[in-house]
Amino acid sequence: MKSQALHDSKAAIIKKNVYRDSGGKTWIPLRVAAKTLGLNYKENANAVLIGFSDPIYEVYPGRSTAVSKGTTITLKDRPVHRDNQICISLTDLSALLGTETAWNSESGRLEISKLPPLKEAANGQDQRLGGFRALSSVDTQELVAYAKRFLGVAYEFGADEYTTSRTFDCSSFTQHVFKQFNVDLPRLASEQAKRGTAVERSELRTGDLIFFTVPGRFQDDRIPGHVGIYIGDGNFIHTWGGPGVQISPLDSGYWQRVILTMRRVL
């Protein structure tokens, strides 16, 4: 009998893409797994990146290590190239995603449970940033002015360093802006959400980070899928989709409905 987790899973028909090797091991194309979950997928010269608005998972073809939600894990089998696809074993796909997966060879149906939540910092807990506390002397108006310089810069999932790519995804944008003011943030939104101190909407100040959920893709919708910087007057700056870096209202419309947490790192 299937577990409740798989009963609530997302599924895709991928009969032509999955294969079994001579040892009976099942291999799944990573691109198809990402599509099944409604996540973005990007291949570069050295890695496969999977996530929502920034990478949550990193897989390196031919290597036995991968990154899952900011943590390095060891795979049982090295990902392989087959028919122009980068494939991972079904067992390792479960380990990478931290959830149950199943493949029915007769129907060609891949099922992936909703992704588990992250372990978040306790409410109000103070986390250090890169080994030191963020400096309270940072001029938040200067920070906002600097962030606004990038309005209109294109969004790219899994963007490389801005100096070479001239693009951002959500967390590379916040990381780049804060680095200008000597505050080191981790690369991913899910890791940035563990920094600083949690604040309520009524306490929100210019320069605070705001994290948003991704409804329907994760268990309990507790994984931060997007991040922006509060700039005051009920607005925040972030990068998302076609417009790229943009300013959006926090207290109305789509973003109001998907706020997950707000954190002070300055």
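To be clear, the structure that these remarks concern was listed above.
What counts and what doesn't
Residues numbered from 1 in each chain as written. Predicted model: local features only at pLDDT ≥ 70, side-chain atom pairs only at ≥ 80, totals over all residues. Heavy atoms only, no water. Core = buried A, V, L, I, M, F, W, Y, C linked by side-chain atoms within 4.5 Å. Buried < 20%, exposed > 50% of the residue type's maximum accessible area, 1.4 Å probe, protein only. Helix = DSSP H or I, 4+ residues; strand = E, 2+ residues; numbered from the N terminus. Contact = heavy atoms within 4.5 Å. Phe/Tyr/Trp six-rings, centres within 6.5 Å; stacked < 30°, edge-to-face > 60°. Salt bridge = Lys/Arg side-chain N within 4 Å of Asp/Glu carboxyl O.

Considerations on the nonpolar core
Link 1 in the chain: If you look at the biggest cluster of nonpolar residues, it comprises 29 residues, and the most contacted ones within it are Leu30, Ile50, Tyr57 and Leu96.
Link 2 in the chain: Listed by contribution, the elements that provide at least two residues to this core are helix 2 (30–37), strand 5 (48–51), strand 6 (55–59), strand 10 (85–89), helix 3 (90–97) and strand 12 (109–112).
Link 3 in the chain: If we ignore the near neighbours within four places in the chain, the residues touching Ile50 are Leu30, Ala34, Leu39, Asn40, Tyr41, Pro55, Ile56, Tyr57 and Phe157.

Notes on the environment of Asp169
Link 1 in the chain: Mapped onto the elements of the fold, Asp169 is located in the loop between helix 5 (162–165) and helix 6 (170–179).
Link 2 in the chain: Judged by relative accessible area, Asp169 falls into the buried class, the value being 0%.
Link 3 in the chain: With 57 residues separating them in the primary sequence, Asp169 and His226 have C-alpha atoms 9.2 Å apart.
Link 4 in the chain: In this structure Asp169 touches Ser53, Asp54, Pro55, Tyr155, Glu156, Phe157, Gly158, Ala159, Arg187 and Thr239, once residues within four positions along its chain are discounted.

Overview of the environment of Ile28
Link 1 in the chain: Along the chain, the position of Ile28 falls in strand 3 (residues 26–29).
Link 2 in the chain: Residue classification places Ile28 among the buried positions, given a relative accessible area of 0%.
Link 3 in the chain: Sequence spacing of Ile28 and Ile86 is 58 residues, and the spatial spacing of their C-alpha atoms is 8.3 Å.

So, unusual backbone geometry
Link 1 in the chain: At Lys69, a position not held by glycine, the phi torsion is positive, near 55°.
Link 2 in the chain: Tracing the sequence through the fold places Lys69 in the loop between strand 7 (65–68) and strand 8 (71–74).
Link 3 in the chain: A residue is classified by how much of its surface remains accessible, and Lys69, at 12% relative accessible area, is buried.
Link 4 in the chain: Despite not being glycine, Asn182 shows a phi value in the positive range, around 60°.
Link 5 in the chain: Looking at where Asn182 falls in the secondary structure, it is placed in the loop between helix 6 and helix 7 (189–192).

With respect to the packing of aromatic side chains
Link 1 in the chain: Counted by the stated rule, this structure contains 14 aromatic pairs.
Link 2 in the chain: Both rings, one in Phe150 and one in Phe168, keep their centres 5.4 Å apart while their planes meet at 90°; by these two values the pair is edge-to-face. On the criterion of sequence distance, the pair formed by Phe150 in the loop between helix 4 (140–148) and helix 5 and Phe168 in the loop between helix 5 and helix 6 is long-range, its members being 18 residues apart.
Link 3 in the chain: Centroid distance Phe212 to Trp255: 5.0 Å. Interplanar angle 65°. Geometry classified as edge-to-face.

A closer look at the pattern of salt bridges
Link 1 in the chain: Counted according to the given criterion, the structure contains 8 salt bridges.
Link 2 in the chain: The residue Glu156 makes a salt bridge to Lys42 at a minimum N-O spacing of 2.9 Å. Of the two residues, Glu156 is situated in the loop between helix 4 and helix 5 and Lys42 in strand 4 (residues 40–43); the sequence distance between them amounts to 114 residues.
Link 3 in the chain: Owing to a relative accessible area of 29%, Glu156 belongs among the partly exposed residues under this scheme.
Link 4 in the chain: The exposure class assigned to Lys42 is buried, which follows from its relative accessible area of 16%.

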